[in-house]
Amino acid sequence: MTLLPASVPHPAPLWTRLIAPPPGTSWSGIAFALRTTAASLIALYIAFLINLDSPKWAAMTVWIVAQANRGMTVSKARYRVLGTFAGTGMAVTLTALFAQAPELLLGALAVWVGLCTGVATALRNFRAYGAVLAGYTAAIITLDAAAAPSQIFDIAEARLIYILLGIGVEAVLSAILAPSRPLDDIRSSLDAYIRQAAGLCARALGGEAAATPALHRLFAKALALDTTAEYAAAESSAARGALGHVRAAASATLAQLAAAHSLRDHLARQSGGNALLAEAAGVLQAVAHGNIAERAKVAALRGRIGTAFTCTDGPWQEERLFLVDRLDALLAALETALTRRALLDGPEPPPSRLDFAFHIDRTAALHNAIRAIAAMLLASAAWILTAAPTGSGFVTIVGVVCALFATRDNPTTAGLGFLKGTAWAFAASAICNFALLPMISDFPLLAVVIGLFMVPAGIAMRHPRTAAPAASFAIFFWDLVGPTNQARPDAASFFNGGMTLLAGIACGTLAFALLFPPNARSMRQRLHRAIRHDLAMIGATPGNWTPAAWFSRSADRLGRQLAAEKLLPAELMDRDMAGMLAALTIGAAAMDLDRLAQSDRAIARPVRAVLRRLAASDPPALAKTARQAAAHLMRRARQADGQASRGLCRGAVLTQEIAREATVQADFLGE
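This text gives an overview of the structure that appears in the document. Predicted model only: the values in this text are computed from it and were never measured. (Residues numbered from 1 in each chain as written. Predicted model: local features only at pLDDT ≥ 70, side-chain atom pairs only at ≥ 80, totals over all residues. Heavy atoms only, no water.)

### Looking at the packing of helix 3 (residues 56–65) against helix 4 (residues 70–98)
What describes two packed helices is the angle between their axes and the distance between those same axes.
No. 1: Orientation of helix 3 relative to helix 4, taken along the N-to-C sense of each, is 125°, at an axis distance of 9 Å. On the basis of the axis angle, helix 3 is oblique to helix 4. For the pair helix 3 and helix 4, contact is made by Thr61, Ile64 and Val65 and by Thr73, Lys76, Ala77 and Arg80, respectively. (Axes fitted to C-alpha atoms, helices over the stretch in contact; angles between N-to-C directions. Helix = DSSP H or I, 4+ residues; strand = E, 2+ residues; numbered from the N terminus. Parallel < 35°, antiparallel > 145°, perpendicular 65-115°, else oblique. Contact = heavy atoms within 4.5 Å.)

This is the structure we're talking about:
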């Protein structure tokens, strides 16, 4: 008998190989491509039946709103409808006001596109897309009607019909062919997040320094979890009611991660084990391995920790109290997360509402608005000076690109990917228009030919590396082929339109490189200023903040910082992330101190002194005042007993933590 060498893998069973998708693809991606291609062809056919002037817009809309799951599609479609209505209304208004003054019309249109682009920068997810769409829809309709202003209502009405038709067909086919279970999606996503956080916290309690990069990524992942829940809520009332529970669980998990970070740094300075610490690590490991019904064990362990939270004399008193307090905070957050997760069981979870807060970069919004205005004005000037017959299309595309990619982390790269996909669409549509379609006289053959191009594009859209070029290919292939009930386009108009499209995308992309180009260091400085400002506001008005708002906004900023990781030196990134986590810890401790002060007047005076120093943005003075407050509260705790002693001890631990972080990260906090 001949044995295969150990290094040679055994071939997969024949049946497994037969049902496997082609290399580089997945069955879900193939299903998406087939479903979206079918939806676009159905929308096109309906547009033919009702004899619309530009049926291609119905098919293009299908590809624009198509997403990986039904919740994303519904959410994007909703904001596309809202953005289209807003843009249509503005187009009609601008045309009515400035139809006889083209220069004023173009100037007002540029301002509107810039305003929408700036607003989109301050929004998230498909809300930002809706704002962008309101801008460039106005540009498309206004410039389409530039030669015949009296037809603005007909053009606007047709645009709305195309959009609604495409969205409707895509929604129906998604509901039939891609049914989803949004509440199950929320449960599985939240379970995965809680398990990952528990596993990382268990590693941190073991003093594992390698857990730090994963900790940073998990902070940012809380926002991805919130996005997933939002998309699920778009298609289900039950999921919508569960959104508050998901956010509460995510916020509690962020607090858990912050406590684990503080504990890991504390344990790195200590030696020896701790029985409570080992037991907590065991519970966390059980949760990490999928046992999310550990609330009873967590509650029992917290009870034992409570008995250990007493103030006695001794050289290690402060260190012991810090460990016990942070361990209790970690387990309290875990208990909250597990409790909220348990509420999601059942077909109709009790409704809950909780809002997250997000970082708003006002400087970036202003830059994006100015860039869009300037690019559109320059494109308009080129159109007026050259009197090019395709000038209106050039101005439109410049505005679309400047608005569409302004909110991307790297708009120049996104624009180049868009340009690449459009170039492929131009080549493919040329083959269709002049080699294949002239031989076709009925819709079934037209559908087959177009499907040969659109199915591969749909598959490529589901692959992260090719998603952006494939999306632009899918959209502009329809635009350039432009099937209608009338005659095919002649070669001159086709190539003029294609060159105008490519030139507009290239110029829009160039605007990102020349006007306020991406600057990772400048973005980093703005993030840090925003963090320090919010810390000062917590010190000045702690009652106006909630842990959910502080943790979610901090997680958003950590995510933005991580997005710039490749553009900044690794040493600088590590230092920045440590400073941001220190600010997060100080802010959370300040809010806890404020709540303690409201319930116990005995600690109000030293706590108010610490908060005033925090509001003054003076890290050395903050550290000094916090140390003095910690010593004062510790002395008072030794003289008290029962619950009063515990509150004083906790206040001492929190002020000592603020003092430690303000000392270690004084450079970051005082820049």
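### Some details on helix 24 (residues 619–639)
No. 1: With 21 residues, helix 24 should reach 30 Å at 1.5 Å per residue; the first-to-last C-alpha distance of 30 Å fits that figure.
No. 2: Those residues of helix 24 lying buried are Pro619, Ala621, Leu622, Ala623, Thr625, Ala626, Ala629, Ala630, Leu633, Met634 and Ala637. (Expected span 1.5 Å × (residues − 1). Buried < 20%, exposed > 50% of the residue type's maximum accessible area, 1.4 Å probe, protein only.)

### Brief notes about the pattern of salt bridges
No. 1: Taken as a whole, this structure holds 26 salt bridges when the rule is applied.
No. 2: Asp355 is the partner of Arg247 in a salt bridge, and the nearest nitrogen-oxygen pair spans 3.9 Å. Here Asp355 lies in the loop between helix 13 (317–342) and helix 14 (362–386) and Arg247 lies in helix 10 (residues 237–268), a separation of 108 residues in the sequence.
No. 3: Of the residues examined, Arg247 reaches a relative accessible area of 8% and is grouped as buried.
No. 4: We classify Asp355 as partly exposed; its relative accessible area is 44%.
No. 5: The residue Asp345 makes a salt bridge to Arg341 at a minimum N-O spacing of 2.9 Å.
No. 6: Judged by its relative accessible area of 7%, Arg341 falls in the buried class.
No. 7: Among the charged side chains, a salt-bridge network with shared partners connects Arg124, Arg127, Asp226, Glu230, Arg247, Arg353 and Asp355. (Salt bridge = Lys/Arg side-chain N within 4 Å of Asp/Glu carboxyl O.)

### Some details on a nonpolar patch on the surface
No. 1: Taken together, Tyr45, Leu49, Ile50 and Ile161 make up a surface patch of nonpolar side chains, about 380 Å² in accessible area.
No. 2: On the secondary structure map, Tyr45 appears in helix 2 (residues 27–49). (Patch = residues over 30% accessible without salt bridge, like charges linked within 9 Å, V, L, I, M, F, W, Y side chains within 5 Å. Areas by Shrake-Rupley, 256 points an atom, 1.4 Å probe, with all protein chains shown as cover.)

### Details of the side chain of Thr88
No. 1: Within the fold, Thr88 resides in helix 4.
No. 2: Classification of Thr88 by relative accessible area gives buried; the value is 7%.
No. 3: Once residues within four sequence positions are removed from consideration, Thr88 is found in contact with Thr137, Ile141, Ala156 and Leu160.

### Examining the nonpolar core
Generally speaking, soluble globular proteins have nonpolar side chains that are buried together.
No. 1: Ranked by size, the top nonpolar core spans 114 residues in total, and within it Leu205, Phe219, Leu257, Leu327, Leu330 and Leu331 carry the most contacts.
No. 2: Residue contacts for Leu330: discarding those within four places in its chain leaves Cys201, Leu205, Gln256, Ala259, Ala260, Leu263 and Leu284. (Core = buried A, V, L, I, M, F, W, Y, C linked by side-chain atoms within 4.5 Å.)

### Section: the environment of Ala630
No. 1: Relative to the helices and strands, Ala630 resides in helix 24.
No. 2: Taking the relative accessible area as the measure of exposure, Ala630 reaches 3% and is therefore buried.
No. 3: Counting along the chain gives 499 residues from Ala630 to Ala131, while the straight-line C-alpha distance between them is 49 Å.
No. 4: If we skip the residues at most four places from it in the chain, Ala630 touches Ala652, Thr655 and Gln656.

### A short note on the packing of helix 21 (residues 547–563) against helix 22 (residues 570–599)
No. 1: Where helix 21 contacts helix 22, the axes come no closer than 11 Å and their chain directions differ by 175°. On the basis of the axis angle, helix 21 is roughly antiparallel to helix 22. In this structure, helix 21 contributes Pro547, Trp550, Phe551, Ser554, Arg557, Leu558, Gln561 and Leu562 to the contact, and helix 22 contributes Met573, Asp576, Met577, Met580, Leu581, Ala583, Leu584, Gly587, Ala588, Met591 and Arg595.
No. 2: In terms of residue class, the contact of helix 21 with helix 22 is made up of 13 nonpolar, 3 polar and 3 charged. (Nonpolar A, V, L, I, M, F, W, Y, C, P; charged D, E, K, R; others polar.)

### Remarks on a positive patch on the surface
No. 1: There is a patch of like positive charges on the surface, built from Arg605, Arg612, Arg613 and Lys624.
No. 2: Note on placement: Arg612 falls in helix 23 (residues 604–615).
No. 3: Since its relative accessible area comes to 57%, Arg612 is described here as exposed. (Lys, Arg positive; Asp, Glu negative; His and termini not counted. Charge placed at Lys NZ, Arg CZ, Asp CG, Glu CD.)

So far we have only geometry, and geometry alone does not tell us how the molecule works.
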